[in-house]
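Below are the chains, spelled out letter by letter.
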Amino acid sequence: MAESMRGLKRTCRCAELTTEMVHQTVTVMGWVQKSRNKGGIVFVDLRDRSGIIQLIFEESTAGAEGFEKATRLRSEFVVAATGTVERRSGAVNENLKTGEIEVIVKDIRILSESETPPFPIEENSKTKDDLRLKYRYLDLRRPDLQRNLILRSQVATLTRQFLSEEGFLEIETPILNKSTPEGARDYLVPSRVHPGSFYALPQSPQLFKQLLMCSGYDRYFQIAKCFRDEDLRADRQPEFTQIDMELSFVDEDDVIDVNERLLQKIFQLIGVDVTLPIPRLTWQEAMDRFGSDKPDTRFGMELTDVTEVVRGCGFGVFTGAIEQGGSVRGINAKGQGAMPRKKIDKLVDFAKDFGAKGLAYLSILEDGSYKSSFTKFMTEEECAGLVEAMDGKPGDLLLFAADKNKVVWDVLGNLRLEMARQLDLLDKNQYHFLWITEFPLLEYNEEMGRYQAMHHPFTMPMEEDLEYLESDPGRVRAKAYDIVLNGTEIGGGSIRIHQNDIQERMFEALGFTKEAAYEQFGFLLNAFKYGVPPHAGLAYGLDRLVMLMAKEDSIREVIAFPKVKDASCLMTDAPNVVDDAQLEELGIKVETDEK
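Residue indices begin from 1 for each chain and proceed along its sequence in written order. With the structure being a predicted model, the display of local features is reserved for residues of pLDDT at least 70 and the display and counting of side-chain atom pairs for 80 or more, all residues being used for whole-chain, interface and lining totals. Based on all heavy atoms of the structure, the side-chain values leave hydrogens and waters out of the count.

A few points about helix α15 (residues 542–549)
- Note on exposure labels: buried denotes an accessible area under 20% of the residue type's maximum, exposed denotes more than 50%, and partly exposed covers the range between, all computed with a 1.4 Å probe on protein chains only. Numbered from the N terminus, helices here are DSSP runs of H or I no shorter than four residues, and strands are runs of E no shorter than two. The buried fraction of α15 amounts to eight of the eight residues, a majority that puts the element mostly inside the structure.
- Once α15 finishes, K551 follows within two positions and takes phi at roughly 60°, a positive value.

Okay, structure coming up:
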């Protein structure tokens, strides 16, 4: 039967006890991690969010009733224990922060009993994810998850402190918004008061933070909940959290400066010194060198453009791609020249998943000879020139893709990462930051048959490229910048358009009529009639940022109550059906396909 904690006050958390407190009387409260009955003595590991302390129960100190209670303790019972801190009489446990001490219990109260948990509450759980997520309230008791959420809290708190000291104001923006379906799919919320009309949950606070700049608030930030109805991956959730900011009267360097100093401060939490300034690469250079606009620079294996080297050679795959306006590029997997054909074939299949028609390879054997899929079509001089261009040495494996630039980048960029995974080159203890700048302003969508904004329609083009906005839209670069960490984009932003004429030209380039632009964004465009300061902003994915800091592979490990791949919650069984009366009140009828 559960007891009351009336009259008891916890004096400290379990792992806050130290050797300096020896002989002091303390009261600790928490969950039983494990209990060991050795006959005349019971050892109990008591756990709370700070860690574990060992409790000792003997009849001579705890009394007959207290000792009897101790013998009944099971995993996950919640108890309060009062006793004296003493140095351990047995061996020191070097794996525990409190490994030198223990509490000799004089009084114990069982505050709550527990059924046997469906899985052990322990670090590095081997329990299947679905079971952990169904019982997430138990999973969250595990020390590694608790450390992750504590780190997340510390990042949010430090961010608030830093930005407040930099003159930012924390201002909340609405959750119930108007749908502006330019980008990912919105989550829609029906309105009872306005039948047939819907709110949209925000994909970001973008338009409202720009309005705040119009309103003169100068520097805004918010730790904002955002929602996107899109397919999930390891680093995506349908609801996620942004560290969102906007600044007036600034240029790109101002935004980058304040964010570099913020990142430097945040990473001190895990003992990582971020060297400033963080390197910058233009989008074009990143694509040419790494085949990615979020390159992982913890390892080399950079792309080499060999288009001119093989132009006119005897291998039709190379020359055909070049004649079609494409390119030929390769990567050098140093020391992998002896890779078995079966493994190379798997790499070919991997490349095909990213649009490649095939993958050409050349192994340089230790005696300097070649084993290749294509050298029989080339002269000895052509092969030697290609190997030299790739800095090929005996023992190296050269891999090539030939196609349109976009396909070649995608194939080799992903192949580069796959090789790094196979060769164990992705060290989670390294933190390589990189700014990517000068993105294309627009990208052509083949399905839609028009250009769309690579970031969003309010991104400022680079002034020197404005003349091409109508004549050659794909040539225009944006004043946009992403911050990348270890091959993951953790944040992005841009200088915003604040001139009406440029905004109108941008909408025209995106295929909007003036009427359509006002229908979707009229409230912002009207605000722009009344004096708009030059402004810029940036937003981080807080979940991704903490995931990398915690060295986790999935953002689910740093979110308290995440969704699974189909955007459902295994614990609450959401989403779910609702009563017909609720639907009727909202004027909604649900139709199902019956076969």
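Here we look at the layout of surface pockets
- Of the voids in this model, the second largest pocket is the one considered here, and its volume is about 590 Å³.
- Grid points spaced at 1 Å over the protein atoms alone were grouped into cavities, where a 1.4 Å probe fits but cannot get out, and pockets, open sets with protein on both sides within 12 Å along at least five of seven lines, with lining residues defined by an atom within 4 Å of a point. Together, 21 residues line the second largest pocket, and G51, I52, E123, P143 and R147 are the ones closest to its centre.
- Those elements giving two or more residues to the lining of the second largest pocket turn out to be β1 (25–37), β2 (41–48), β3 (51–58) and α4 (143–165).
- A total of four residues in the lining of the second largest pocket trace back to one element, the largest contributor, which is α4. Grid points are joined across faces, edges and corners, and a volume is the space filled by probe spheres set on the points.

Describing the state of the cysteines
- Cysteine sulfur pairs qualify as disulfides if the two atoms are within 2.5 Å. Applying the stated rule across the entire model yields zero disulfides.
- The thiol sulfur of C14 is not disulfide-bonded, and the nearest other cysteine sulfur, from C12, lies at 7.9 Å.

Structural notes on the side chain of S327
- Structurally, the position occupied by S327 is in strand β13 (residues 327–333).
- On the basis of relative accessibility, which here comes to 3%, the residue S327 falls in the buried class.
- Throughout this description, a polar contact denotes any pair of N or O atoms lying within 3.5 Å of each other; where both atoms belong to protein, one of them has to be capable of donating a hydrogen while the other can accept it, and for residues adjacent in sequence the pair is counted only when both atoms sit in side chains. Within the structure, the side chain of S327 is placed 2.6 Å from the side chain of N405, a separation counted as a polar contact.
- Here S327 is in contact with T307, A321, A401, A402, D403, N405 and V408, once residues within four sequence places are set aside. Contacts are assigned to residue pairs with any non-hydrogen atoms lying within 4.5 Å of each other.

Some remarks on empty space enclosed by the protein
- Going through the model one piece at a time under the given rule, you end up with one cavity of 30 Å³ or more.
- Of the pockets and cavities examined, the largest cavity occupies roughly 40 Å³.
- L133, R136, F561, P562, C569, L570 and M571 are the residues that line the largest cavity.
- Across the lining of the largest cavity, the residue classes tally to six nonpolar, no polar and one charged. Under the grouping applied here, Gly and all other residues not named as nonpolar or charged are polar, the nonpolar ones being Ala, Val, Leu, Ile, Met, Phe, Trp, Tyr, Cys and Pro and the charged ones Asp, Glu, Lys and Arg.

Considerations on a nonpolar patch on the surface
- Two distance rules govern patches: like charges are joined within 9 Å, and nonpolar side chains (Val, Leu, Ile, Met, Phe, Trp, Tyr) within 5 Å, applied only to residues with over 30% relative accessible area and no salt bridge. We get accessible surface area from the Shrake-Rupley algorithm with a probe of 1.4 Å; when it comes to residues, only the shown protein chains can shield them. In what follows, salt bridge is the name for a side-chain nitrogen of Lys or Arg lying within 4 Å of a carboxyl oxygen of Asp or Glu. A surface patch of nonpolar side chains, amounting to about 250 Å² of accessible area, comprises I175, L176 and Y199.
- Structurally, the position occupied by Y199 is in strand β8 (residues 198–200).
- For Y199, a relative accessible area of 31% corresponds to the partly exposed category.

Digging into the side chain of R152
- Structurally, the position occupied by R152 is in helix α4.
- Using a relative accessible area of 15% as the deciding quantity, one classes R152 as buried.
- Engagement of the side chain of R152 in a polar contact is seen with the side chain of D543, the distance being 2.7 Å.
- Sequence-distant contacts of R152, defined by excluding residues within four places in its chain, comprise T241, L542, D543, V546, V558 and I559.

Description of the sheet that holds β2
- Spatially, five strands are ordered β1-β2-β3-β5-β4 in a closed barrel, and the strand pairing comes out mixed. Put simply, the sheet's adjacent strands are angled 55° from each other on average, direction ignored.
- At least two bridges found by DSSP between two strands is the condition for calling them paired. With two bridges connecting them, β3 and strand β5 (residues 101–112) associate as parallel partners. Paired with L55 across the two strands is V103, which belongs to β5. Here an axis means a line fitted to C-alpha atoms, over the contact stretch when the element is a helix, while the angle between two N-to-C directions is reported on a 0 to 180 degree scale.

A few points about the sheet that holds strand β10 (residues 239–248)
- Pairing within the open sheet is mixed, and its eight strands lie in the order β6-β9-β10-β22-β21-β20-β17-β11. Two strands bound the open sheet, and with one partner strand each, they are β6 (169–170) and β11 (280–282).
- As paired elements, β11 and strand β17 (residues 433–437) share three bridges and run parallel to each other. Note that in β17 the partner of L281 across the bridge is I436.
- Taken strand by strand, helix α6 (residues 252–267) contacts β10, β11, β17, β20 (480–485), β21 (488–495) and β22 (535–541), and its axis lies near 25° from that of β22.

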